[in-house]
Amino acid sequence: MPKFVILLLSFYYLNDLTFAQGCCTAGSSTFGGFERGVTEKSLLHIGLSYIRNNLNSTYNGREKITDPLNRTASVSIFNIELEYGISDRISLLAIAGYSVKERETTVRSSVDNSTETVSFKGSGINDLVILSKYEMIKPTILSPLSLSVGGGVKLPVGSYTQKDNGTRLSIDLQPGTGATDVLLWGNFYKGFPGLSFSFFTNFLYRYTGANLDSYRFGDEYIISLNGEYYLADYLTLALGIRTRFANEDFWRDRFLPSTGGTYYDLLPSIVYSESDYLIKIFYQSPVYRNVKGIQLTTSSILGAELLFKVDI
């Protein structure tokens with residue numbers, strides 16, 4: 001079983017960290033380094049990824065409905081990540097990115113009852129994520145099991161005050177949130193070499209801060225269960241299920257409607273790996289939604305990741 005492939009954890013997120021509620025999401029994607037274990041000492045992982053999030057499904061609670069405003073949206077995220085193994089048990093991860101968020105909605109004239117499609121677009125550098133990882137239990141040939149924990153922050157590097165045609169965009173279309181968040185992370189891995197199979201699970205908790213507008217996104221938990229089957233030394237098939245629990249957003253001393261909920265998604269992926277790089281292609285499909293109020297949600301996510309390993 002290739003050691004480098006074992007490090008890959010196919011799952012976030014966040015949309016994105018899928019952080020924001022509503023149409024689109026803010027922050028950095030939960031794919032990539034959030035879903036790998038600790039990087040080995042003196043190794044540098046360089047990751048490049050692209051994620052396309054299509055939001056065309058509207059729910060009221062658990063019921064899928066026709067969107068009352070005919071809304072559709074999309075989010076494209078380009079990420080670069082660096083992770084370096086500081087010691088045998090500790091590595092440091094940094095994720096930066098650039099996002100393009102678009103939304104269309106239909107408005108009706110109060111004068112002649114005609115309709116018009118209005119488009120909004122926000123783009124720019126995302127917030128910066130820094131995460132430190134510690135491997136509590138290291139895997140061995142006789143016991144292919146590992147347990148890692150970590151913590152970090154999301155720093156408000158991206159703008160949250162962009163305007164479109166002189167009007168400030170809604171917070172879910174901004175590339176940043178304007179707030180510093182605290183992150184708690186965990187990863188568990190168990191390999192079954194005789195079966196060419198491995199199992200792993202990831203946990204991410206985001207404790208959100210408030211920006212200067214006193215807007216605070218709801219805290220969220222993301223949990224994933226994943227399995228990988230090794231077809232060959234260079235080819236791996238993976239299947240995961242991701243669960244995301246998000247609390248309601250808070251602003252001006254009240255919780256906001258149509259924010260927060262529970263989301264389950266299925267994530268198949270395929271990985272091609274060589275000694276010093278790997279390529280992953282993944283897809284995310286919704287399985288279950290139970291949202292608060294009426295929300296436009298993810299209908300599909302398609303992404304690709306290219307990861308290099310450099311010995312320093």
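Source: prediction; values computed, not measured. (Residues numbered from 1 in each chain as written. Predicted model: local features only at pLDDT ≥ 70, side-chain atom pairs only at ≥ 80, totals over all residues. Heavy atoms only, no water.)

## Comments concerning the packing of aromatic side chains
- Enumeration according to the criterion identifies 8 aromatic pairs in this entry.
- Ring centres 5.1 Å apart and planes at 65° place the aromatic pair Y215 and F217 in the edge-to-face group. As far as the burial class goes, Y215 and F217 line up, both buried.
- Measuring from ring centre to ring centre gives 5.5 Å for Y264 and Y288, while their planes differ by 65°; the resulting arrangement is edge-to-face. Separated by 24 residues along the polypeptide, Y264 in strand β17 (residues 261-273) and Y288 in strand β18 (residues 277-291) bring together distant segments of the chain. (Phe/Tyr/Trp six-rings, centres within 6.5 Å; stacked < 30°, edge-to-face > 60°. Buried < 20%, exposed > 50% of the residue type's maximum accessible area, 1.4 Å probe, protein only. Helix = DSSP H or I, 4+ residues; strand = E, 2+ residues; numbered from the N terminus.)

## What about the nonpolar core?
- The biggest cluster of nonpolar side chains holds 9 residues, and these are F34, L93, I95, V129, L131, L183, W185, L204 and I222.
- For this core, the secondary-structure elements that each account for two or more residues are β5 (90-108), β7 (128-137) and β11 (181-192).
- Counting 8 residues, the second largest nonpolar core, distinct from the first, contains I51, I77, L296 and I301. (Core = buried A, V, L, I, M, F, W, Y, C linked by side-chain atoms within 4.5 Å.)

## Points about a nonpolar patch on the surface
- Judged by side-chain polarity, Y229, L231, Y234, L237, I270, Y272, I279, I281, Y283 and L302 come together as a nonpolar surface patch covering roughly 890 Å² of accessible area.
- Elements with a minimum of two residues in the nonpolar patch: β13 (220-232), β17 and β18.
- Top contributing element to the nonpolar patch by residue count: β18, with 3 residues.
- Note that L231 resides in strand β13.
- The partly exposed category is assigned to L231, whose relative accessible area is 44%. (Patch = residues over 30% accessible without salt bridge, like charges linked within 9 Å, V, L, I, M, F, W, Y side chains within 5 Å. Areas by Shrake-Rupley, 256 points an atom, 1.4 Å probe, with all protein chains shown as cover. Salt bridge = Lys/Arg side-chain N within 4 Å of Asp/Glu carboxyl O.)

## Some details on the sheet that holds strand β2 (residues 57-60)
- Across the sheet, 3 strands lie side by side as β3-β2-β19; this open sheet has antiparallel pairing. The sheet is open, and its two borders are formed by β3 (63-65) and β19 (294-297), each paired with just one other strand. Direction aside, the axes of adjacent strands within the sheet are offset by 40° on average.
- Of the pairings in the sheet, the one linking β2 to β19 comprises 4 bridges and is antiparallel in character. Within β19, the residue paired with Y59 across the bridge is Q295. (Pairing = 2+ DSSP bridges. Axes fitted to C-alpha atoms, helices over the stretch in contact; angles between N-to-C directions.)

Limitation: the analysis is restricted to geometry and does not speak to function.
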